[in-house]
Amino acid sequence: MRITHRHVDIFRALMNAGGVTAAAQALNTSQPTVSRELARLEQLLGLRLFDRVRGRLHPTAQAFALYEEVQRSYLGLERIAATATQLRQFAQGQLSVVCLPALSHGLLSGACTRFLARHPGVGLTITQQESPYLEEWLATQRCDLGLTESEATPAGTAQQLLIEMNEVAVLPAGHALAAKRRLKPSDFDGQAFVSLAPGDPYRHIIDSLFEQHGVQRHQAIETHSAVSVCAMVKHGLGLGIVNPLTAMEQAGPKLVLRPLTVAIPFRVNLVRPLHRPANPLVDRLVEALQEEAAALRRAGGRPSASPDAPAPPA
């Protein structure tokens with residue numbers, strides 16, 4: 001006859017409860033059954049685990065040593081059960097997200113706050129990548145989710161629109177044009193301007209817009225990111241046009257933003273690699289991103305998309 005889990009359960013219950021009656025109640029069995037199985041366990045082990053003194057059981061030194069080993073085994077089983085429960089409740093896990101640097105500030109950080117409030121035990125890894133490395137990460141299935149501004153869907157992924165707004169103008173506080181509620185392309189004529197880098201796709205769109213309207217700006221500074229554009233504008237080095245998410249995040253006492261009378265669409269797409277193992281937490285993060293996107297749309301409004309819309313009086 002071998003030691004069974006039943007023997008171990010009875011021994012542990014006796015050690016925890018301190019007596020046969022309480023152990024039997026804890027195991028929902030009878031006192032004679034507990035006494036009989038304890039006697040069998042002692043016979044199988046060749047050890048006296050309890051001294052019987054005046055009808056009570058007193059653990060021996062061997063019993064305490066055995067109990068420590070039993071507890072370690074039970075703690076391991078309890079950890080497995082707790083982990084399984086946490087996984088069922090999405091209380092544990094790991095997600096990886098890759099995105100453009102500009103999207104890791106307001107949009108993604110706000111969504112992460114929402115997500116982690118609901119799933120505090122989940123770990124998030126955020127990796128910032130510029131194109132084309134961002135698209136390469138997604139195509140090679142290196143992450144669970146991606147945020148891009150590109151209209152092209154990377155191979156092996158599915159893409160959906162997350163948010164669409166319009167680019168906005170950013171001005172130093174106190175600038176004369178800040179008195180206007182919306183700015184026309186002609187308002188920028190002769191103004192110092194802080195541009196995005198020549199390789200940025202929005203740089204080409206903005207330059208083309210001003211060229212179409214015959215507007216001559218003074219190109220004061222070129223810089224790599226919308227955050228950097230805002231920093232330069234705050235110091236009075238010129239005006240700028242950037243994505244609304246960065247503009248709303250950077251707006252403050254030194255920086256004001258104004259919508260344009262012409263539309264320069266800004267879109268952010270959700271990209272899901274199709275060959276990653278299924279993870280229900282991805283859906284929960286997408287929900288948080290959609291909620292944050294809706295909140296940002298409400299906060300930023302929708303600038304007029306009419307190219308001919310006149311600026312209202314200041």
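If you're wondering where the values come from, they're calculated on a predicted model, not measured in any experiment.

**Quick notes on the pairing of strand β3 (residues 93-99)**
- Of all seven residues in β3, five are buried, a share of seventy percent or more.
- Taken together, the seven bridges between β3 and strand β4 (residues 122-128) define a ladder with parallel strand orientation. Among the inter-strand pairings, V97 is bridged to a residue of β4, identified as I126.
- Crossover β3 to β4 through helix α5 (residues 106-118) is right-handed.

**Quick word on the sheet that holds strand β7 (residues 168-172)**
- Sheet architecture is open: three strands sit in the order β10-β7-β11, paired in antiparallel fashion. In this open sheet, the two strands that pair with only one neighbour each are β10 (240-242) and β11 (255-259). Strand after strand, the sheet turns through a mean of 35° between neighbouring axes, direction not considered.
- Note that β7 and β10 share three bridges and pair antiparallel.

**Points about the nonpolar core**
- Counting 63 residues, the largest nonpolar core has L147, L162, F188, L245, V268 and L289 as its most contacted members.
- Residue contributions to this core peak at eight residues, all from helix α10 (residues 280-300).

**Side note on the layout of surface pockets**
- In this structure, the largest pocket spans a volume of roughly 600 Å³.
- Lining the largest pocket we find 27 residues, and of these L100, E149, D200, P201 and Y202 sit closest to its centre.
- Broken down by secondary-structure element, the contributors of at least two residues to the lining of the largest pocket are α7 (201-212), α8 (226-234) and β12 (265-273).
- Among the residues making up the lining of the largest pocket, the classes are represented as 13 nonpolar, seven polar and seven charged.

**A few points about the environment of R272**
- With respect to the helices, strands and loops of the structure, R272 is situated in strand β12.
- Put simply, R272 and V98 are 174 residues apart on the chain and 11 Å apart in space, counted from C-alpha to C-alpha.
- Beyond its immediate stretch of four places on either side in the chain, R272 contacts D144, L145, G156, T157, A158, V282, D283 and V286.
- Among the polar contacts listed, one links the side chain of R272 to the side chain of D283, at a separation of 2.8 Å.

**Some words on the pattern of salt bridges**
- Here the structure, examined in full by the defined rule, presents 15 salt bridges.
- Across the pair R114 and E292 runs a salt bridge whose closest N-O atoms are separated by 2.7 Å. Within this pair, whereas R114 is found in helix α5, its partner E292 is found in helix α10, the two being separated by 178 residues in sequence.
- Classification of R114 as partly exposed rests on a relative accessible area of 28%.
- Across the pair D207 and R217 runs a salt bridge, and its minimum N-O distance is 2.9 Å. Taken together, the positions of D207 in helix α7 and R217 in the loop between α7 and β9 (218-223) put the pair ten residues apart, joining distant regions of the chain.
- Looking at R217, the relative accessible area reads 16%, which means it is buried.

**Quick notes on the sheet that holds β12**
- Pairing is mixed across the open sheet formed by five strands, whose spatial order is β4-β3-β5-β12-β6. Two strands close off the open sheet at either side, each with one partner strand: β4 and β6 (157-166). The mean inter-strand angle of the sheet, taken between neighbouring strand axes irrespective of direction, is 20°.
- As paired elements, β6 and β12 share nine bridges and run antiparallel to each other. Bridge pairing in β12 links E164 to R267.
- Taken strand by strand, α5 contacts β3, β4, β5 (145-148), β6 and β12, and its axis lies near 170° from that of β4.

**Quick look at α10**
- Between the first and last C-alpha of α10 there are 31 Å, a value that for 21 residues agrees with the 30 Å anticipated at 1.5 Å per step.
- Regarding α10, the residues found buried are L281, V282, L285, V286, A288, L289, E292, A293, A294, A295 and L296.
- Two or three places before L281, at the start of α10, stands the capping residue N279, its side-chain oxygen 3.0 Å from that residue's backbone nitrogen.

**Considering empty space enclosed by the protein**
- Across all of its chains, the model carries one cavity of 30 Å³ or more by this definition.
- There is about 30 Å³ of room inside the largest cavity.
- Mapped onto the lining of the largest cavity, the elements with two or more residues apiece are α5 and α9 (244-250).
- Here the lining of the largest cavity gets three residues from one element, more than from any other, and that element is α9.
- Residue composition of the lining of the largest cavity, by class: four nonpolar, three polar and one charged.

About the cut-offs
- Residues numbered from 1 in each chain as written.
- Predicted model: local features only at pLDDT ≥ 70, side-chain atom pairs only at ≥ 80, totals over all residues.
- Heavy atoms only, no water.
- Buried < 20%, exposed > 50% of the residue type's maximum accessible area, 1.4 Å probe, protein only.
- Helix = DSSP H or I, 4+ residues; strand = E, 2+ residues; numbered from the N terminus.
- Pairing = 2+ DSSP bridges.
- Right-handed = clockwise from strand over helix to strand, strands pointing away.
- Axes fitted to C-alpha atoms, helices over the stretch in contact; angles between N-to-C directions.
- Core = buried A, V, L, I, M, F, W, Y, C linked by side-chain atoms within 4.5 Å.
- 1 Å grid on protein atoms, 1.4 Å probe; cavity = no way out; pocket = protein on both sides within 12 Å on 5 of 7 lines; lining within 4 Å.
- Points joined across faces, edges and corners; volume = space filled by probe spheres on them.
- Nonpolar A, V, L, I, M, F, W, Y, C, P; charged D, E, K, R; others polar.
- Contact = heavy atoms within 4.5 Å.
- Polar contact = N/O pair within 3.5 Å; in protein donor to acceptor, adjacent residues only side chain to side chain.
- Salt bridge = Lys/Arg side-chain N within 4 Å of Asp/Glu carboxyl O.
- Expected span 1.5 Å × (residues − 1).

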